[in-house]
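Architecture and fold: a report
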Amino acid sequence: MGSILRLRKLLFLDPSSSIPSRSSQSPNAVKINCNGATDKVKLRKRVRRWRCMDTCCWLIGYLCTTWWVLLLVYQWIPNMLIGVQVNGSPGERLRGEGVRALHPVVLVPGIVTGGLELWEGRPCAQGLFRKRLWGGSFAEIFKRPRCWLEHLSLDNETGLDPPGIRVRAVPGLVAADYFAPGYFVWAVLIENLAKIGYEEKNMHMAAYDWRLSFQNTEVRDNSLSRLKSKIELMYISNGNNKVVVVPHSMGVNYFLHFLQWVESPPPMGGGGGTGWCAKHIKAVINIGPAFLGVPKTVSNMLSAEAKDVAYLRSVAPGVFDSDIVRLQTFEHVMRMFRTWDSVISLLPKGGETIWGDLDWSPEENHECDFVTKHSQFTLIESKVNNSEAEKGCQLKERAKYGRMISFGMAAAERPSSQLPKVSFEVSCGGFRHSQVKPQTPCGDTWTEYDELSREIIRDVGGNKAYTAETVVDLFRHLAPKTMRRAEAHFSHGIADDLDDPKYEHYKFWSNPLETKLPNAPDMEMYCLYGVGIPTERSYVYKVSQLERCNSIPYQIDSAADGTHNECLKKGIYFVDGDESVPVISAGFMCAKGWRGKTRFNPSGMATYVREYRHKPPMSLLEGRGTESGSHVDILGNVKLIEDVMRVAAGVSGEELGGDRIFSDIVRMSDRIELRL
């Protein structure tokens, strides 16, 4: 671009001038003055050195030119030539079919997608009153990172506000329409609903502080009471039409908690009484549901890592832990989110019955294929030909997915009889009352790892494997304060007798295996989620950084790659899912746990499984894609949007087409032996 501007100046502003060639230039030249005299003048050389700035300008020029050309192509070439259908948005199509708004809609965002703003802060947060600390531009992360971390952390003892700090959820539809500029969450769905007649009088975003435990959102902010009042108001003001609720991700667990809270008597519950849900709610459309937890929560709790970090470590080993760089980003992140009780709600639920043990898992006899076109992911069953959902796969060595955490490849692959036994010294409640202090104190305590001896850390990682059941015991062992606080609000087991009075406590309300659905036989429960994307299921770890203070002693072993098993990449075993939630967590309850009249669904409420096979965008012009099955991007999936809009307009699950399944969720559910 800089060269283009210089050429323009030469040709249009100074046409008489010319650029002499390098060969014609000489250090001296003759200039004739007005009196006819001649003077020797030293000419300035016009050829200058090429600088790095010139390269940057050229690069920016090329990028801008390419972008404008793409926009020109997008505007003038028929869309069908680049693989984009010209059918308009789902809202326009359905409006053309005569579909109109009928049932009020309540949207419930999940973890991290809702905006948070500052109402009171420390001196370092001067000038940020009612400014977003979470969501939006995230500018404060770069301006004052320590201050930002301090204000987003909760109190370690209470799980509520630290003294002198008040951070609250942003209200209204803007709370979660966009996560950051240009990165939509609910915006596309909201826009399409508006095209068939929805607006704020019949559409509501149930924003809440997603860091808190679900019951504490009521204790601190009255979020559950306000949601109850809003649903009642929308029901009355919209002609007594029942409400359609659309939760996403962890919002699914939050609303499951609400269903129990609203009918329970005060002071613990909302006092709506039996029949409140049957009167006010038509359907609950759960999108990307994490009903039974998310395995990546385990890696986040253990080492503040996930897939992306493991991949970066494999590309640039040692950078994150270098003595030169030493940013300790993961330590700061862990220090913050271990104060968020909501994270504990996403630990895997159901133990070994749901997720498998050292030798068995519901995904057994399935293998991955990472080479399918457009990075799609598929699974195969060794004895079943499921050609509709799987293509181009090969059967490899069976992965032991039930081993959620394995320290070393030997622990991941050996027969269970050769593995060391996992045991913890615990006292009442499953927590150790005293920690063995490190011999060399590290000063300030950042995480509970700083309160552990090196012997305990080594013992935990001694070629051992942990299942979904023992990994909860592992966290009680490594982070007893965090788990003691959080487990006062959440439970992860399976109920023996749901009529036992102990299950009336709110800590069980967000676990579908320890609570009953409301007595509402006409209500419908949907599970809508994406499939066909590699999703984290279990991990290979190693012990490291024992010599440092304030460091995380465990990390994913990114050098562990599967030579005999293609499901293992960079220390992570993958299964089918939506990139965040495995199929078994998203679909089991609708496919089996609640299907028909069961002890978890005593009224026989209808349940439906609707899967959306992931299809990556065919060009950059499609953005994040209109057929994505990814956990967040699915909120822009045109088929999902159309399904949600039809249900909101009065269509039943049967009229919608019932189940639509591409994955092996039915076979996996059949392998799970759960008393129904």
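This report concerns the structure included in the present document. Computed from a prediction, not measured in an experiment: that's the story for all the values here. (Residues numbered from 1 in each chain as written. Predicted model: local features only at pLDDT ≥ 70, side-chain atom pairs only at ≥ 80, totals over all residues. Heavy atoms only, no water.)

1. What about the packing of helix H6 (residues 187-194) against helix H21 (residues 638-648)?
Note the cut-off: Only C-alpha atoms enter the line fits that serve as axes; for helices the fit covers just the stretch in contact. Angles between N-to-C directions range over 0 to 180 degrees. Strands here mean DSSP runs of E at least two residues long; helices mean DSSP runs of H or I at least four residues long; both are numbered from the N terminus. Roughly parallel refers to an angle under 35 degrees, roughly antiparallel to one over 145, roughly perpendicular to one between 65 and 115, and oblique to any angle outside these ranges. Handedness of a helix crossing follows the sense of rotation of the near helix relative to the far helix, less than a right angle counterclockwise being left-handed and clockwise being right-handed. Residue contacts follow a heavy-atom distance rule, with two residues in contact if any of their heavy atoms lie within 4.5 Å. Residue polarity is assigned by list, with Asp, Glu, Lys and Arg as charged and Ala, Val, Leu, Ile, Met, Phe, Trp, Tyr, Cys and Pro as nonpolar; anything else, Gly included, falls into the polar class.
The interhelical angle for the contact between H6 and H21, taken along N-to-C directions, is 45°, at an axis separation of 10 Å. Considered as vectors, H6 and H21 are oriented oblique to each other. Crossing of H6 against H21: the hand is right-handed. Residues Val188, Leu189, Asn192 and Leu193 of H6 pack against Ile641, Val644 and Met645 of H21. Tallied by class, the residues present in the contact of H6 with H21 amount to 6 nonpolar, 1 polar and no charged.

2. What to know about helix H7 (residues 214-221)
Applicable threshold: Exposure categories follow from relative accessible area, calculated using a 1.4 Å probe and restricted to protein chains: below 20% of the type maximum is buried, above 50% is exposed, and the middle band is partly exposed.
Among the 8 residues that make up H7, 7 are buried, leaving the element largely enclosed by the rest of the structure. Buried within H7 are the following residues: Phe214, Gln215, Asn216, Thr217, Glu218, Arg220 and Asp221. Against the buried residues of H7 lie strand S6 (166-169), helix H8 (223-237), helix H9 (250-263) and helix H14 (341-344). Asn222 lies just past H7 and shows a positive phi near 55°.

3. Description of the packing of aromatic side chains
Put simply, the rule is: Aromatic rings from Phe, Tyr and Trp, with only the six-membered ring used for Trp, were paired whenever their centres fell within 6.5 Å, and each pair was classed as stacked if the ring planes differed by under 30 degrees, edge-to-face if by over 60, and tilted otherwise. Distance and angle both matter: a charge sits over a ring if NZ of Lys or CZ of Arg is within 6 Å of the ring centre and within 35 degrees of the ring normal.
Scanning the entire structure with this criterion turns up 25 aromatic pairs. Look at Phe214 and Phe490: their rings are 5.1 Å apart centre to centre, the planes differ by 85°, and that puts the pair in the edge-to-face class. Within this pair, whereas Phe214 is found in helix H7, its partner Phe490 is found in the loop between helix H19 (480-486) and strand S16 (524-531), the two being separated by 276 residues in sequence. Residue classification places Phe214 among the buried positions, given a relative accessible area of 0%. Seen from their ring centres, Phe255 and Phe258 are 5.2 Å apart, and the 25° between their planes marks the pair as stacked. Taken as a pair, Phe255 and Phe258 lie in helix H9 at a separation of 3 residues, close to a single helical turn. We classify Phe255 as buried; its relative accessible area is 1%. Note that Arg613 overlies the ring of Phe662, its terminal NZ or CZ placed 4.4 Å from the centroid.

4. What about the pattern of salt bridges?
Keep this limit in mind: By salt bridge we mean one thing: a side-chain nitrogen of Lys or Arg within 4 Å of a carboxyl oxygen of Asp or Glu.
Taken as a whole and judged by the stated rule, the model has 32 salt bridges. Salt-bridge contacts for Asp659 lead to Arg595; the nearest nitrogen and oxygen are separated by 3.1 Å. Residue Asp659 is found in the loop between helix H22 (653-656) and helix H23 (665-671), and its partner Arg595 is found in the loop between helix H20 (583-593) and strand S21 (606-613); the two are separated by 64 residues along the sequence.

5. What to know about unusual backbone geometry
At the junction of Pro266 and Pro267, the peptide bond is cis and its omega measures out at 5° in the coordinates. Mapping Pro267 onto the fold places it in the loop between H9 and helix H10 (276-280). At Asn463, a residue that is not glycine, the phi angle is positive and equals roughly 55°.

6. Remarks on the state of the cysteines
Let me state the cut-off plainly: In this description, a disulfide is simply a cysteine sulfur pair whose atoms lie within 2.5 Å.
A complete count under the given rule lists 2 disulfides for this structure. Shown here is the disulfide that connects Cys124 with Cys147, its sulfur atoms set 2.1 Å apart. Handedness of the Cys124-Cys147 disulfide follows from its S-S torsion of about 80°: it is right-handed. One end of the pair, Cys124, is in the loop between strand S4 (116-120) and strand S5 (132-134); the other, Cys147, is in helix H5 (residues 145-152), and 23 residues separate them in sequence. On the basis of relative accessibility, which here comes to 34%, the residue Cys124 falls in the partly exposed class. Its relative accessible area of 7% is what places Cys147 among the buried residues. Paired through a disulfide, Cys527 and Cys590 show a sulfur-sulfur distance of 2.1 Å. What sets the handedness of the Cys527 and Cys590 disulfide is the S-S torsion sign, and at about 70° it is right-handed.

7. Observations concerning the environment of Pro295
Relative to the helices and strands, Pro295 is located in the loop between strand S11 (281-287) and helix H11 (296-303). The spatial distance from the C-alpha of Pro295 to the C-alpha of Glu536 is 6.6 Å, given a sequence separation of 241 residues. Beyond its immediate stretch of four places on either side in the chain, Pro295 contacts Pro348, Trp355, Met404, Glu536, Arg537, Tyr539 and Pro582.

8. Comments concerning the sheet that holds S6
Operational definition: Should DSSP find at least two bridges between two strands, the strands are taken to pair.
The 3 strands are arranged S5-S4-S6 in an open sheet whose pairing can be described as antiparallel. Taken across any chain shown, the strands that pair with only one partner, and hence form the sheet edges, are S5 and S6. Put simply, the sheet's adjacent strands are angled 45° from each other on average, direction ignored. Here S4 runs beside S5; their pairing, made up of 2 bridges, is antiparallel. Paired with Leu116 across the two strands is Trp134, which belongs to S5.

9. Quick look at the side chain of Thr339
Counted only if it meets this: What qualifies as a polar contact is a pair of N or O atoms within 3.5 Å, subject to a donor-acceptor requirement within protein and to the restriction that residues adjacent in sequence count only when both atoms come from side chains.
Position of Thr339 relative to the elements: it lies in the loop between helix H13 (329-337) and H14. Polar side-chain contacts of Thr339 include one of 3.0 Å to the backbone nitrogen of Leu154. Reaching out from Thr339, the side chain makes a polar contact with the backbone oxygen of Met336 at a distance of 2.5 Å. Setting aside chain neighbours within four positions, we find Thr339 in contact with Ser153, Leu154, Asn156 and Arg485.

Any functional reading would require information beyond the geometric quantities listed.
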